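# Summary of the model geometry
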Amino acid sequence: ISQASAEFNLHADDRLPVRRLRVEIRKLRAVLAMLGRNLNPELIKWREKFRSFNMKLSRLRELDVALSTWRSTALNRRRYQRQSDRFSDYLVKERLSEQEKAMPAFALVKFTPVLLQFMIWIIGDQVKEKRQSLLLDKIAHKKLGRWYKVMQKLVKENADFRNAELAHELRIKAKSVRYVMQSMSGKAYGDDNRLMRSLKKLLDGLGVLHDNCVNEY
């Protein structure tokens, strides 16, 4: 996260650092969600704190997707080049505005102390030795099992994926599963490449649906 935030500060006008920073924060939040009931409840507060940081990047990411999609399709709209340029300029202006809103929160002098406080808390007295001895594989197995049941329920309720809200909820849950599995590398799930590939394909498909929904909106 520290490296991604530094990259964002240097290249905030590039969509890739924005996406990377959001993903890294989401990975941490997914792990905190998995451990939240087994470690100090303070972790829930930290998860919400990092969620607030991600929310500052949400609109910026949506504008990046819209701008990228518009530019790729504008090549086929030469008859409407003037209107296309105007809309592109509008998106660029909106993105710059959102970038200016988001950057203060991720300024190194502000964001780095937050990360340091979190690290100190994790290794400090609030995480007791008996808590550290919990079997993470067992915790992950139970949590992932619950999340998978939620995913199954969402698919049954939205079999044709026409409900954008339910599809987005499924995408968020699938991302949490993937991030936790990646964090468990070398343990129960981290080395299951076939399962990881299947999750990636699922997320790619849901991502296309989400981007189309955002662009239509």
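Residues numbered from 1 in each chain as written. Predicted model: local features only at pLDDT ≥ 70, side-chain atom pairs only at ≥ 80, totals over all residues. Heavy atoms only, no water.

## What about the packing of helix α1 (residues 2-10) against helix α2 (residues 15-35)?
One way to put it is that α1 packs onto α2 with a least axis distance of 9 Å and a crossing angle of 155 degrees. One finds that α1 runs roughly antiparallel with respect to α2. Every pair of crossing elements has a handedness; the one defined by α1 and α2 is left-handed. Judged by residue contacts, Q3, A4, S5, E7 and F8 of α1 engage P17, V18, R20, L21 and E24 from α2. (Axes fitted to C-alpha atoms, helices over the stretch in contact; angles between N-to-C directions. Helix = DSSP H or I, 4+ residues; strand = E, 2+ residues; numbered from the N terminus. Parallel < 35°, antiparallel > 145°, perpendicular 65-115°, else oblique. Left-handed = near helix turned anticlockwise from the far one by under 90°. Contact = heavy atoms within 4.5 Å.)

## Quick look at the nonpolar core
Counting residues in each nonpolar core, the largest one holds 43 residues, and the members touching the most others are F8, F50, F53 and F106. Sorting the residues of this core by element identifies α1, α2, α3 (42-74), α4 (81-106), α5 (108-123), α7 (136-157), α8 (164-183) and α9 (193-216) as the ones contributing at least two each. In terms of residues, this core owes the most to one element, α2, which gives 11 residues. Leave out the neighbours within four places in its chain, and F53 touches I25, A105, F106, F111 and V114. Of all hydrophobic cores here, the second largest spans five residues; its members include L63, L67, W70 and L91. (Core = buried A, V, L, I, M, F, W, Y, C linked by side-chain atoms within 4.5 Å. Buried < 20%, exposed > 50% of the residue type's maximum accessible area, 1.4 Å probe, protein only.)

## Concerning the side chain of S5
By the element assignment, S5 lies in helix α1. You can call S5 buried: its relative accessible area is 2%. Within the local environment of S5, its side chain forms a polar contact with the backbone oxygen of S2, the two atoms lying 2.8 Å apart. When residues no more than four places from it in sequence are discounted, the contact partners of S5 are L21, L108 and F111. (Polar contact = N/O pair within 3.5 Å; in protein donor to acceptor, adjacent residues only side chain to side chain.)

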